[in-house]
Amino acid sequence: MAITENVTPTLAPGELPPMDVGSRMDALRSRFGELGVDALVVTELTNIRYLSGFTGSSAVLLVREADAVFVTDGRYTTQSEQELSDAGVSAHIEISSEGPEAAAAAAASGVDRLGLEADSVSWSSQRRWASELFSGELVPTTLAVEALRLVKDAGEVARIRSACAIADTALAQVQSRLSEGPTEKEFALELEAAMMRLGAAELSFDTIVASGPNGARPHHQPSGRRISDGDLVVVDFGALVDGYHSDMTRTFAVGDVGADRTRMVDVVTEAQAGGVEVVAAGVQAAEVDARCRSIIEEAGWGEAFLHGTGHGVGLDIHEEPRVSGRSAATLASGQVVTVEPGVYLPDLGGVRVEDTVVVTDNGCERLTLASKTPQPIH
Ligand code: ZN
Ligand code: ZN
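Parameters and conventions
Residues numbered from 1 in each chain as written. Chains lettered and ligands numbered in written order. Predicted model: local features only at pLDDT ≥ 70, side-chain atom pairs only at ≥ 80, totals over all residues. Heavy atoms only, no water. Helix = DSSP H or I, 4+ residues; strand = E, 2+ residues; numbered from the N terminus. Polar contact = N/O pair within 3.5 Å; in protein donor to acceptor, adjacent residues only side chain to side chain. Pairing = 2+ DSSP bridges. Axes fitted to C-alpha atoms, helices over the stretch in contact; angles between N-to-C directions. Contact = heavy atoms within 4.5 Å. Buried < 20%, exposed > 50% of the residue type's maximum accessible area, 1.4 Å probe, protein only. Arc of directions from axis to C-beta.

With that settled, consider the side chain of Thr251. Topologically, Thr251 is positioned in strand 13 (residues 248–253). Among the polar contacts listed, one links the side chain of Thr251 to the backbone oxygen of Arg352, at a separation of 2.6 Å.

In structure tokens, the structure reads:
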């Protein structure tokens, strides 16, 4: 498969193209038939942001066949009007002091079959909808909005590309510091400060810096351990741009790490490149996982590859499609996924290599471009 890099210019956070948010609710309505609903109550905040442009922390969005009702509380009166208008979204905005769910329920009173997002509505909330708020048929829906979010439009890809570029540049600015014996925490802070200076709105997730034996834990939190000669250092981090995430892992060899650790780096780097090579529209996500896994198994470390190969990236850092052996997903053009195999051994430490890529018709485009075979740091 064809792998491309840098085919589209990276834009700074301030010069990103607008996104076509206004058409997304119609795309959702076109799914009402297959979902078996006449209207959908959207409570998952990331989905509300996707459909409306609203970035606040309290809202419910009722999407009906002909229109939509957006309910929030008094803190967000001005912000919701501004953000929905900026996004080109038309909805009746209601400000409720009794909680947005009750107001959304009142607006849904004439609906026959009302969808609730089964993966985010709590048990107590569902019981309230059934006993107090709504008298028609409640329909649990799964991935109703997430299915639309799978394929990113050009504006979304531009944001993820920008977030990836910030991470690349930040790493280039600070990676030589690894030779100066910083603690994991100190190095994480330097990397994070560099990303914020370069225009990240926030961090994409809690930075992982896992050195020496700590590298054997895939989700280790940066500690006071001092990075020193002979360490492998797993660095997993990302930036957030206008709500969109980046995700990249590089593993550095500090000083002389010996033959076994060098072989770990080589094997995982090869497995990761093999996985990226498989990525293309029409390919099963499980095939990408199988390619990475087979290379690591051949090297004798199959048991030490402790997690799935990757995940979708967008408004959430981990979203559909999952790239694992159990995934039933077929990759499609415009999806953004990670490929991140790893090997974790208590005596040697850890190696993980991760890129964020956009799926294309005949392959993929890599968005995280930092070198995967960095020169050993001395
Ligand atoms: Zn990561
Ligand atoms: Zn990841």
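As a further point, take the sheet that holds strand 10 (residues 232–237). Whether parallel or antiparallel, the strands of a sheet pair through hydrogen bonds between backbone atoms. Read across the sheet, three strands follow the order 9-10-13 without closing on themselves; strand pairing throughout is antiparallel. Looking along the sheet, the strands with just one partner apiece sit at the ends: strand 9 (208–211) and strand 13. Within the sheet, the average angular offset between the axes of one strand and its neighbour, ignoring direction, is 10 degrees. By the bridge criterion, six bridges tie strand 10 to strand 13 in an arrangement that is antiparallel. Of the residues in strand 13, the one forming a bridge with Asp236 is Thr249. Here helix 8 (residues 154–174) sits on the sheet and contacts strand 10 and strand 13; the angle it forms with strand 13, its principal contact strand, is near 15 degrees.

This part takes up helix 4 (residues 77–86). Burial in helix 4 covers these residues: Ser80, Glu83 and Leu84. Axial view of helix 4: buried residues confined to an arc of 95 degrees, hence all on one face. Turned more than 90 degrees away from the buried face of helix 4, the exposed residues are Thr78, Ser85 and Asp86. Downstream of helix 4 by one or two residues, Gly88 has phi in the positive range, about 70 degrees.

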